[in-house]
Amino acid sequence: MLNLSLAQADIVNTDMYKAIQVLASAGSGKTRVLTERVRFLLQNTKKEGVIALTFTNKAAEEMATRLEDCEQAEDRAWIATIHSVAQRVLEKYGHTVGLPPELHIYDRDQDRMEVFLQSLRDEGVDIDTYLEGSNSGERKERKKILQSYMDIFSKIKRELLTEFDVAEQYPDGNIWKVFQDYQSALLNSGGIDYDDILVYAHKILLTHDWVAKIYRSQYKHICVDEAQDLNRAQYEFIKALCGDAIQSVLMVGDPNQMIYGFNGSSKDFFCNDFIADFRPQVFELKENYRSSKAVIRAANKLRPGAQVELDYALEGKVEIIHFTTEEDEAEWISASIERLLSQKFDNEIEGEISLDKMVVIARNRFVFGKFEDSLKEKGIPFSLRKGERQLERATVFGKILDYAVRLKINSKDWVDGRKLCSVLDIPEPKEWGDDVLSAISENALSLNDENAKLYSSLIGEINQLDAEEPNIRKFIDKFKAKLDAISQESECLTDAKSEELRLSHAELDEFGQSWTLFKRKGLGSSLAAFRNALALGQLVDTGPDKGLTLSTVHTMKGLEKDIVFLMGMCEGVFPDYRAQTPKEIDEERNSAFVAITRAKRWLFITYPKQRMMPWGDRRFQRVSRFVIEIE
């Protein structure tokens, strides 16, 4: 066991069959406590399993790494995100609530919109003409309306709203009927959306107690990380998993770090519902072992009394600097980074000062525009930290690969089928069924494109893959050779064609790397399991960021760096201009608290007095209220 403080050890060694709530402030060692509690439970029981639920795959991997020296962990600890556990329930028992065996997850908003539009068409709504209008302003408005429906559907699912709830909250529209049509359209295409994973898993556990008992017989303990970010569907899923049988539930979180309200998250599930439902023993961890005294003082200005300084902590520093323009701010930060790199060493920084010990944080990614330009000018390498969801493919080859694999898994997936036909510029088939890929492959041969044979062959080979045990390595080798041959045979390869081939190669490599990671993690062997692992973000490269890390507050959650630059701290940017209610402002305050407490040693807060608007005007800015409070 790692060295624990007395307060941490008290939590880890508490009665194994009691519920525990841990209010753990930033830097107080909550991950250590959670990990050591899992170890304690495994070492002090013979057969009882533990489920450790995290909010990101990276957090799950980090916990699993920390438990590698615990022999029992491999067989008896299930460490995964809540969605991953719910997805496993669906894969095994989805048939009990009428879900198709090969379930396709629509993880992209654009796909969900297309399914929704189809549900409207099926209801006889004449929308095709309306959607194809030429006015770009109208098109923007249509997308806004569609997105608002998507947001309402997600709210219904994340908050487990009933027909009565929906009628009460949306009295002016027939939302429930439209929602039911959308759900039917999803199932008719052989899929569900990302929010459905928890909704259906919760329904299975609630309506089929025999399924829940299977999990309860194997797993007697549940530990939950970042519990302040639970939403209704997540909390009720955990509750249904426990039933009356499991009382050993540890929830660790910090109400001051609840920043996912836009996903339906609320600290109430951790602070109120959990207390009422499980009567847990309550512990507090306030000592910040991560940050310097100066950083802790700044954090306590936003959340008084949230953190306790330790006598042996380094003094550190917090500096607040204002600039005339965004360009001046960007130039100062990039010059400061160069200066720190040339300085190399400081008594308060362990080891040599390097880019991987720094991060630049902003409320949203659009703040980074001028700063990225400055970094490029100075030749400072950087990467923008991304979430765990997959990005769309860039090349024709990559798109065909992606859509055809999805169609191979689910031949009724007309959403991706249409995309495939659109990329190839061929007519859609009259029906979506078992032979659809074969027909599309044949039609691709008639393309007026020098790569028609390549695309036809790609679709044909995907159609021939064994869906349960595909030989992906052989498939990749074959198409690497084909891409190489095209590049060598072409007499006059233009810059554009050369770049397309290079990117096609890179996307094929990326596909292969994802498959290798999928197999290495033991997540399954079928194409369907592979696609679902991609949708759940389980196959994202979680290696270190390259060069200087640029991160929004939400993607920086759970991470830390020695030196933090927090930029663009203007009113309307941070806090966000859309935050109007006291509840929304409170969540913005949490986000600022999270941003500040990512700093282990030094924190530099910057803001411009003027910002350039997209239409060319310079606007004077007010300093963020959070900066005023810290000063």
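How each quantity is defined
- Residues numbered from 1 in each chain as written.
- Predicted model: local features only at pLDDT ≥ 70, side-chain atom pairs only at ≥ 80, totals over all residues.
- Heavy atoms only, no water.
- Axes fitted to C-alpha atoms, helices over the stretch in contact; angles between N-to-C directions.
- Helix = DSSP H or I, 4+ residues; strand = E, 2+ residues; numbered from the N terminus.
- Parallel < 35°, antiparallel > 145°, perpendicular 65-115°, else oblique.
- Left-handed = near helix turned anticlockwise from the far one by under 90°.
- Contact = heavy atoms within 4.5 Å.
- Nonpolar A, V, L, I, M, F, W, Y, C, P; charged D, E, K, R; others polar.
- Expected span 1.5 Å × (residues − 1).
- Buried < 20%, exposed > 50% of the residue type's maximum accessible area, 1.4 Å probe, protein only.
- Pairing = 2+ DSSP bridges.
- Right-handed = clockwise from strand over helix to strand, strands pointing away.
- Core = buried A, V, L, I, M, F, W, Y, C linked by side-chain atoms within 4.5 Å.
- Domains from an automatic or database assignment.
- Salt bridge = Lys/Arg side-chain N within 4 Å of Asp/Glu carboxyl O.
- Phe/Tyr/Trp six-rings, centres within 6.5 Å; stacked < 30°, edge-to-face > 60°.

This part covers the packing of helix H20 (residues 436-444) against helix H21 (residues 452-464). At a closest axis distance of 8 Å, the pairing of H20 and H21 adopts a crossing angle of 165 degrees. What the angle tells us is that H20 and H21 run roughly antiparallel. Like other packed secondary-structure pairs, H20 and H21 cross with a definite hand, here left-handed. In this structure, H20 uses Leu437, Ser438, Ile440, Ser441 and Ala444 to contact H21, whose residues at the interface are Ala452, Ser456, Ile459, Gly460, Ile462 and Asn463. Considering only residue class, the contact of H20 with H21 consists of 6 nonpolar, 5 polar and no charged.

It is worth spelling out helix H6 (residues 109-122) at this point. With 14 residues, H6 extends 20 Å between its outermost C-alpha atoms, agreeing within 8% with the 20 Å of an ideal straight helix rising 1.5 Å per residue. Within H6, burial applies to Asp111, Arg112, Met113, Val115, Phe116, Leu117, Gln118, Ser119 and Leu120. In the stretch just after H6, Gly124 is the one whose phi turns positive, near 85 degrees.

When you tally the buried positions in strand E6 (residues 219-224), you get 5 out of 6 residues, the bulk of the element. Note: strand E2 (residues 49-54) against E6, 5 bridges, orientation parallel. Note on E6: the bridge partner recorded for Leu53 is Val224. Bridging between E6 and strand E7 (residues 248-253) involves 4 bridges; their strand directions are parallel. In the strand pairing of E7, Ile222 is matched with Val249. Note that the unit made of E6, helix H13 (residues 232-242) and E7 has a crossover that is right-handed.

Once that is clear, we can look at the nonpolar core. Leu420, Leu424, Ile440 and Phe475 are the most contacted members of the largest nonpolar core, which has 66 residues in total. A per-element tally of this core places helix H18 (residues 396-409) first, with 8 residues. Split by domain, this core shows at least three residues from each of two domains, domain 2 (104-189) and domain 4 (396-536). Once residues within four sequence positions are removed from consideration, Leu424 is found in contact with Ile400, Ile440, Ala444, Leu447, Tyr455 and Ile459. Within the second largest apolar cluster, 56 residues are counted, among which are Ile353, Phe371, Ile563 and Leu603.

Attention shifts here to the packing of H18 against H21. Between H18 and H21, the shortest axis-to-axis distance is 9 Å and the interhelical angle comes to 25 degrees. Taken together, the axes of H18 and H21 lie roughly parallel to each other. Our pair here, H18 against H21, has a crossing hand that is right-handed. Contacts between H18 and H21 involve Val396, Phe397, Ile400, Leu401, Ala404, Val405 and Lys408 from the first element and Leu454, Tyr455, Leu458, Ile459, Ile462 and Asn463 from the second.

With that out of the way, let us pick up the domain arrangement of the chain. Partitioning the chain into domains gives domain 1 (6-90 + 199-285), domain 2 (104-189), domain 3 (293-388 + 543-630) and domain 4 (396-536). Summarising the inter-unit geometry, the C-alpha centres of domain 3 and domain 4 are found 41 Å apart.

Moving on: helix H5 (residues 82-93). Helical geometry: 3.6 residues make up each α-helical turn, so side chains three or four residues apart lie on a common side. Its 12 residues give H5 an end-to-end C-alpha distance of 17 Å, which sits within 8% of 16 Å, the value for a rise of 1.5 Å per residue. Of all 12 residues that make up H5, 9 are buried, and the element is covered over most of its length.

This next bit is on the pattern of salt bridges. When the charged atoms of two side chains lie near each other, side chains of opposite charge can form a pair. Under the criterion given, the structure shown has 40 salt bridges. Between Asp193 and Lys157 there is a salt bridge, and its shortest N-O distance comes to 2.7 Å. Highlighted residues: Asp193 in strand E5 (residues 191-193) and Lys157 in helix H8 (residues 136-158), separated in sequence by 36 residues. Taking the shortest distance from any N to any O, the salt bridge between Glu326 and Arg611 comes out at 3.8 Å. On the criterion of sequence distance, the pair formed by Glu326 in helix H16 (residues 326-343) and Arg611 in strand E15 (residues 610-612) is long-range, its members being 285 residues apart. Looking at Glu326, the relative accessible area reads 14%, which means it is buried. Under the relative-accessibility criterion, Arg611 is labelled partly exposed at 22%.

With that settled, the discussion passes to the sheet that holds strand E10 (residues 358-362). Across the sheet, 6 strands lie side by side as E9-E14-E13-E10-E12-E11; this open sheet has parallel pairing. Strands at the two margins of the open sheet, each flanked by one partner only, are strand E9 (317-323) and strand E11 (382-384). Neighbour to neighbour, the strand axes of the sheet diverge by 20 degrees on average, direction disregarded. Judged from the 4 bridges that link them, E10 and strand E12 (residues 548-552) form a sheet pairing that is parallel. Within E12, the position partnered with Val360 by the bridge is Leu550. Together, E9, E10, E12, strand E13 (561-566) and strand E14 (599-608) form the strand contacts of H16, whose direction differs from that of E14 by roughly 155 degrees.

Under the defined criterion, the tally for this structure stands at 25 aromatic pairs. Here the aromatic rings of Trp78 and Tyr219 are separated by 5.7 Å at their centres, their planes lie at 45 degrees, and the arrangement is tilted. Separated by 141 residues along the polypeptide, Trp78 in strand E3 (residues 77-81) and Tyr219 in strand E6 bring together distant segments of the chain. Among the residues examined, Trp78 registers a relative accessible area of 10% and is labelled buried.

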